[in-house]
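Understanding the architecture of this molecule
The residues making up each chain are set out below.
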Amino acid sequence: MNAFESTRRDFLRQASLTGLAASALGTPWQQLLASEQHADKKHGAKKLPMPVGKAEHCIMIWLGGGSCHIDTWDPKRKGDPKAKKAGSYYDSIPTAIKGTEVCEHLSKCAPILDRFNIVRSVHHEVIDEHAAATNRMHTGRPTTGTITYPSVGSVVAHQRGSASEHAPAYVLIGYPNVTRGPGFLGSQAGYIYLTDTSAGPSGFTRSSRVNQSRQDRRERLLTKMRAEFRQKSVGGQTIQDYDQSVAEALRLSGPEFMKVFQLDNEKSDLRNSYGGEFGQRCLLSRRLIQSGVRFIEVSHNLNFVNGTGWDTHNDGQLNQHLLIKELDSALSTLVLDLEKNKLLDKTLIVVASEFGRPAKFDSGGGRGHQSKAFSVVLAGGGLQNGKTIGVTNELGEAIVSRPVSVPDLHATIYASLGIDPSEELFAGDRPVPITDMGDPVRELFS
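What comes next concerns the included structure. (Residues numbered from 1 in each chain as written. Predicted model: local features only at pLDDT ≥ 70, side-chain atom pairs only at ≥ 80, totals over all residues. Heavy atoms only, no water.)

Description of the overall build of the chain
Of regular secondary structure, the chain possesses 11 helices and 15 strands. Contacts in the chain between residues far apart in sequence, at least 24 positions, make up 71% of those at least 6 positions apart. In the form shown here, the chain has an accessible surface area of approximately 20,600 Å², with 53% of it arising from carbon and sulfur atoms. (Helix = DSSP H or I, 4+ residues; strand = E, 2+ residues; numbered from the N terminus. Contact = heavy atoms within 4.5 Å. Areas by Shrake-Rupley, 256 points an atom, 1.4 Å probe, with all protein chains shown as cover.)

Pasting the structure below:
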């Protein structure tokens, strides 16, 4: 880094500090954030080196809709929607982490929680827009009309690549969306997606009527046509991206990768332990890790088991326990299965959602949205597990200590995978830091 870049970065950091100082007369939460997050950034303070983790893979379990933290990982006093008494919907139970309790429906995760870390003080400012909050949690930055930022999965794919020549770097088990995409990194950092665990990605299996000889002739013709097009057109980035996608599909359509989807080869007891549709996605994730996939996102509850998914307004609250129990079975089995296969220390599991939910109940007995304090869970990954990071107030509506921003969360994920979160990527000629000044949760590293 040259002197100009160093000066520019110092200036931006100092500007951030100035902005926080200007809001010192604001809420106590703002004052807390300023004092804790920036205490080590005073003028002349020595910058701490970035931790370097040991993880080789990451599985992100996405609870789309906004899971309620006080009904799962950060239980509070019991509430009552009929009496309009704010609080948790369920009783809490003790866990393997002394002093840490979770919802009663996380009964399978509770006794093995020493393999987990709960970060209870994640926050951002996007409240009512699910799409914008989902984008924030995936890219670590606000939505902007000038640049499309890459998702955390795409950054990992770009920085680390696949761990095998027979596997892609990034697989999305769920519906495709731009927030999961590569942004300015381009198609090489994109994902392969599927929604059916019983078969490989759509389009990877060649028709039985097309033999290898016929496929080779098709490819030679298409290669010639694309080369001629690129000679006549200016730029040709779209064709280049398409070529790369086709080449990747052909590389992965062979038996080495496609056999990963043969879940019937697993023992029936293990498959049953994982549970239904979502559980089978988690089982497939373990098999994908073994094949060499670097980053996997698994969407939970694509078919709205409780009627509304994790967006528990109104009656969605009544059957929220079905979602929690399904998550509990699949997540606990995944952790123990990875551990049995000696993969848990090499695989970081992240359980995240776009935001949390307030303690007060709405008129229909459900809950609204809350982004100023919610929980994200990390497991395995070679971290110093068995810790609970951050404290929220008596109703989980405000952070009391150790706030963790979304850039901090992303920096933790990257650092665990041996990626320097302060490194710069390039959108054309424009340098873009991997995180927006994120600092890893250092307590989780040895």
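There's plenty left to go through after this.
Observations concerning the pairing of strand 7 (residues 295-299)
For strand 7, the tally of buried residues reaches 5 of 5 residues, placing the bulk of the element in the interior. Neither face of strand 7 is left uncovered, since the one carrying Phe 295, Glu 297 and Ser 299 and the one carrying Ile 296 and Val 298 both have all their residues buried. As defined by bridge partners, strand 1 (residues 57-62) adjoins strand 7 across 5 bridges and the pair is classed as parallel. Across the sheet, Trp 62 pairs through a bridge with Ser 299, a residue of strand 7. Of the strand pairs in this sheet, strand 5 (residues 170-173) and strand 7 are connected by 4 bridges, and their pairing is parallel. Counterpart to Val 171 in the pairing with strand 7 is Ile 296. (Buried < 20%, exposed > 50% of the residue type's maximum accessible area, 1.4 Å probe, protein only. Pairing = 2+ DSSP bridges.)

Observations concerning the packing of aromatic side chains
For the coordinates displayed, the defined rule picks out 6 aromatic pairs. Ring centres 5.1 Å apart and planes at 90 degrees place the aromatic pair Tyr 89 and Tyr 90 in the edge-to-face group. Classification of Tyr 90 as buried rests on a relative accessible area of 8%. Centroid distance Tyr 170 to Tyr 191: 5.6 Å. Interplanar angle 75 degrees. Geometry classified as edge-to-face. On the criterion of sequence distance, the pair formed by Tyr 170 in strand 5 and Tyr 191 in the loop between strand 5 and strand 6 (192-194) is long-range, its members being 21 residues apart. (Phe/Tyr/Trp six-rings, centres within 6.5 Å; stacked < 30°, edge-to-face > 60°.)

Side note on the environment of Lys 85
Along the chain, Lys 85 falls in the loop between strand 1 and strand 2 (92-94). Through-space distance from the C-alpha of Lys 85 to that of Ala 359 is 8.7 Å; in sequence the pair is 274 residues apart. In this structure Lys 85 touches Arg 77, Lys 78, Gly 79, Asp 80 and Phe 361, once residues within four positions along its chain are discounted.

Overview of helix 4 (residues 152-160)
Within the span of helix 4, buried status applies to Val 152, Gly 153, Ser 154, Val 155, Val 156 and Ala 157. If you follow the buried residues of helix 4, they end up packed against strand 1, helix 3 (130-139), strand 5, strand 7, helix 11 (406-416) and strand 14 (424-427). Phi turns positive one or two residues past the end of helix 4, at Gly 161, with a value near 65 degrees.

Here's the deal with the pairing of strand 5
Neither face of strand 5 is exposed, since Tyr 170 and Leu 172 on one face and Val 171 and Ile 173 on the opposite face are all buried. Where strand 5 and strand 6 come together, 3 bridges link them in parallel fashion. By the bridge assignment, Leu 172 is partnered in strand 6 with Tyr 193.

Quick look at the environment of Leu 348
Position of Leu 348 relative to the elements: it lies in strand 8 (residues 347-352). You can call Leu 348 buried: its relative accessible area is 1%. For Leu 348 and Gly 380, which are 32 residues apart along the polypeptide, the C-alpha to C-alpha distance reads 5.2 Å. Not counting residues up to four positions away in its chain, the partners in contact with Leu 348 are Ala 55, His 57, Cys 58, Ile 59, Leu 378, Ala 379, Gly 380, Gly 381, Leu 383, Ile 413 and Ser 416.

Notes on the side chain of Asp 74
Mapped onto the elements of the fold, Asp 74 is located in the loop between strand 1 and strand 2. The class of Asp 74 is buried, set by a relative accessible area of 2%. Discounting chain neighbours no more than four positions away, the residues touching Asp 74 are His 69, Arg 120, Ser 375 and Thr 392.

So, the pattern of salt bridges
One pass over the full model with this rule turns up 19 salt bridges. Between Arg 160 and Glu 56 there is a salt bridge whose closest N-O contact spans 2.8 Å. Taken as a pair, Arg 160 in helix 4 and Glu 56 in the loop between helix 2 (28-37) and strand 1 lie far apart in primary sequence, 104 residues in all. Note that Arg 287 is salt-bridged to Glu 266, the shortest N-O span being 2.7 Å. (Salt bridge = Lys/Arg side-chain N within 4 Å of Asp/Glu carboxyl O.)

Side note on the packing of helix 4 against helix 11
The N-to-C vectors of helix 4 and helix 11 enclose an angle of 30 degrees; their axes lie 11 Å apart at closest approach. With respect to helix 11, the axis of helix 4 lies roughly parallel. Handedness of the helix 4/helix 11 crossing: right-handed. Taking contact as the criterion, the partners of Val 152, Val 155 and Val 156 in helix 4 are, on helix 11, His 410, Ile 413 and Tyr 414. Its residues placed into classes, the contact of helix 4 with helix 11 shows 5 nonpolar, 1 polar and no charged. (Axes fitted to C-alpha atoms, helices over the stretch in contact; angles between N-to-C directions. Parallel < 35°, antiparallel > 145°, perpendicular 65-115°, else oblique. Left-handed = near helix turned anticlockwise from the far one by under 90°. Nonpolar A, V, L, I, M, F, W, Y, C, P; charged D, E, K, R; others polar.)

What to know about unusual backbone geometry
Phi is positive for Lys 342, which is not a glycine, with a value near 55 degrees. Note that Lys 342 resides in the loop between helix 10 (320-340) and strand 8. When its relative accessible area of 70% is taken as the criterion, Lys 342 is described as exposed. Phi at Met 437 takes a positive value of approximately 65 degrees, unusual for a residue other than glycine. You can see Met 437 is positioned in the segment after strand 15 (430-433).

Structural notes on the packing of helix 3 against helix 11
Remark: helix 3 packs on helix 11, axes separated minimally by 8 Å, with the N-to-C direction vectors making an angle of 40 degrees. By the angle between their directions, the pair helix 3 and helix 11 is classed as oblique. Between helix 3 and helix 11, the residues in contact are Arg 136, Met 137, His 138 and Thr 139 and Val 406, Leu 409 and His 410, respectively. Taken together, the residues of the contact of helix 3 with helix 11 break down into 3 nonpolar, 3 polar and 1 charged.

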